Amino acid sequence: MNPTVLLTTATAVLLAGLASVPLRAAPGTDRWSTLAPVVFEHLSPAERDFPSPVVMSVAQDGDGFMWFGSQAGLGRWDGYQMRNFYFDANDPHSLPGDFIQTLHVDRQGRLWVGTSIDGLARYDRQNERFVRVAAGVLSSPAVYAIASDRDGGLWVGTAAGLDYVDAAGQVHHHRRPDTAPGGQRANQIRALLLDRDGVLWIGSDAGLARRAVAGNRIDKVDDIAGVGDAVLSLSQNPQGGVVFGTLRSGVGFAATDAATAGARLLSLADQGRRQAMVLSLTETVPGQWWAGTYGDGVIEFDAAGIQRRITHRPAVAVSLASDRVAALWRDRSGLVWVANERGVDTHDPRNRTFSTIFDGVGLPEISASAFMTDQSGRLWVALADQGIDLIAPDATRRAGLRPDPLRPDTALPGSLILALTEAEPNEAWIGTLAGLYHTSGRGSRVRRVPLPHHEPLPRIGSILQRDGDLWLGTPGGLLRYDPRAATVRAYRQGP
């Protein structure tokens, strides 16, 4: 399919495919950036020698390497090739286990690896080996979350409680009592974040809590009201507090006063749609986050609500590889990494030179053959032989017209649309391979206009309206059509 480029005064729009579903226009953005897809580059597991195609966690270490924790080993990507690490029963300095649940880079740039059933380990980059924290010392060998402090200590969230590993390697347990809200579910830790104020935020199967900490000492535990669901992911909010992702309630915002004010939930599901669990969060640009979900792809949102859904489109090679997203990471250059069940995708949110649209209303892919802007600012997009879409200034789209060969006089033909020009305000003259058409009802209805000519339905490749007359470019020459008098004058090449 040959892409058609539309140049407007403000934006260049390449109409060739769409990998996201727009929900609302964000303040300060034009309609093209709202309608446009998020374009990804793919790191294919087969081509790049991933340890497993299913990547569970992503992190960038102090040396700039990207690490991918998978269900069958750990991969280190240097931008050109992958080096893989695995558990070896005969090597005490190998990974403690191959199912990697979480990765964390501490303030010294060191990589920590949390496994699903085999505990915790640190990567020794000088000797390229792993230093294990004995799984029997932790509250549970199932490590789901890690956060580090400025003292070189590590908070570790396990399936049976919260632990602190100090700089000397000693493990201290911080289990919640059975009387805590949620009971033992409060000890099933899913996410940890130590914010810039030194407050430890804890996501568990019981909800969200925050703790004022000093080294290994916890001064107070505040359970945050207004959540009512398991919290699976956390992200720092530059405005203070955190953004959190839940099992089945969407995302939420908890400010610094959340201990008294509670949290605010933001649903990520349309009415009647099942909420997908939010496994990961990252801020892509200031004030805007991506939520990685298991089954609904990536959902872009801000404090006001959802901006768009970013999903896999089978017909679009540059779309998200899979809707089952396990991890998100924004690296130091600003590139966003998306781990899913088909490998890892990357997206550069700063690349906004072109806005690319891939689909039409109800159409998985399109070719664009003609354009027109009407008096109200709507863009009319001729979709080759598939009809016309109307795009309003607020970025809403509707299927203005679709072909119907069974209604030749009152519907578009199933043939190529070659030209558009505005008729009366907010209506159009349409030139096709099968003659001339005219719309009414702001583009919701159409009628065929046979010309008073020996060829009443010519191929019309171009239309120019001047002083009420239509100048029509046809294979047989130039026609001047007066719609008021219903007359045609032909101009042919020659003396």
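Note that the structure is predicted; figures quoted are calculated from it, not measured.

Another aspect to go through is the overall build of the protein chain. Secondary structure summary: the protein chain contains three helices and 44 strands in total. Residue burial in the protein chain is summarised as follows: out of 495 residues, 54% are buried. Taking the contacts inside the protein chain whose residues are at least 6 apart along the sequence as the reference set, 47% of them involve residues at least 24 apart.

Of the residues in the protein chain, 88% have a pLDDT of 70 or more, and the chain-wide mean is 87. The low-confidence segment residues 1-28 (pLDDT under 50) makes 92 contacts with residues lying over four places distant or belonging to another chain.

Following the criterion strictly, the structure yields one cavity of 30 Å³ or more and no others. In this structure, the largest cavity occupies an estimated 50 Å³ of space. Lining the largest cavity are ten residues, and of these Asp359, Ile366, Asp389, Ile391 and Arg397 sit closest to its centre.

What follows is about the environment of leucine 138. Tracing the sequence through the fold places leucine 138 in the loop between strand E12 (129-133) and strand E13 (143-148). Measuring from C-alpha to C-alpha, the distance between leucine 138 and leucine 120 comes to 8.6 Å, with 18 residues separating the pair along the chain. Setting aside anything within four residues of it in sequence, one finds leucine 138 in contact with Gly119, Leu120, Val133, Val143, Asp163, Val165, Val171 and His173.

So, on to the pairing of strand E38 (residues 428-432). A large share of E38 lies buried, amounting to five of its five residues. Burial along E38 is two-sided: Ala428, Ile430 and Thr432 facing one way and Trp429 and Gly431 facing the other are all buried. In this sheet, E38 lies alongside strand E37 (residues 417-422) in antiparallel orientation, the contact comprising five bridges. The residue of E38 that forms the bridge with alanine 419 is glycine 431. Examined bridge by bridge, E38 and strand E39 (residues 435-440) share four bridges and lie antiparallel to one another. Within E39, the position partnered with isoleucine 430 by the bridge is tyrosine 437. Hairpin remark: E38 followed by E39, antiparallel, with two residues in the connecting loop.

Comment: phi is negative for the bulk of residues other than glycine, and the bulk of peptide bonds are trans. Its identity is not glycine, yet aspartate 49 carries a phi of approximately 60°, on the positive side. Of note, the phi angle at alanine 486 is positive, near 55°, even though the residue is not glycine. Structurally, the position occupied by alanine 486 is in the loop between strand E43 (477-482) and strand E44 (487-491). Judged by relative accessible area, which is 42%, alanine 486 ranks as partly exposed.

Residue position: threonine 346 is located in strand E31 (residues 343-347). Dropping the residues within four chain positions of it, threonine 346 is found in contact with Val39, Phe40, Glu41, Leu335, Val336 and Trp337.

About the thresholds
Residues numbered from 1 in each chain as written. Predicted model: local features only at pLDDT ≥ 70, side-chain atom pairs only at ≥ 80, totals over all residues. Heavy atoms only, no water. Helix = DSSP H or I, 4+ residues; strand = E, 2+ residues; numbered from the N terminus. Buried < 20%, exposed > 50% of the residue type's maximum accessible area, 1.4 Å probe, protein only. Contact = heavy atoms within 4.5 Å. pLDDT = per-residue confidence, 0-100. 1 Å grid on protein atoms, 1.4 Å probe; cavity = no way out; pocket = protein on both sides within 12 Å on 5 of 7 lines; lining within 4 Å. Points joined across faces, edges and corners; volume = space filled by probe spheres on them. Pairing = 2+ DSSP bridges.

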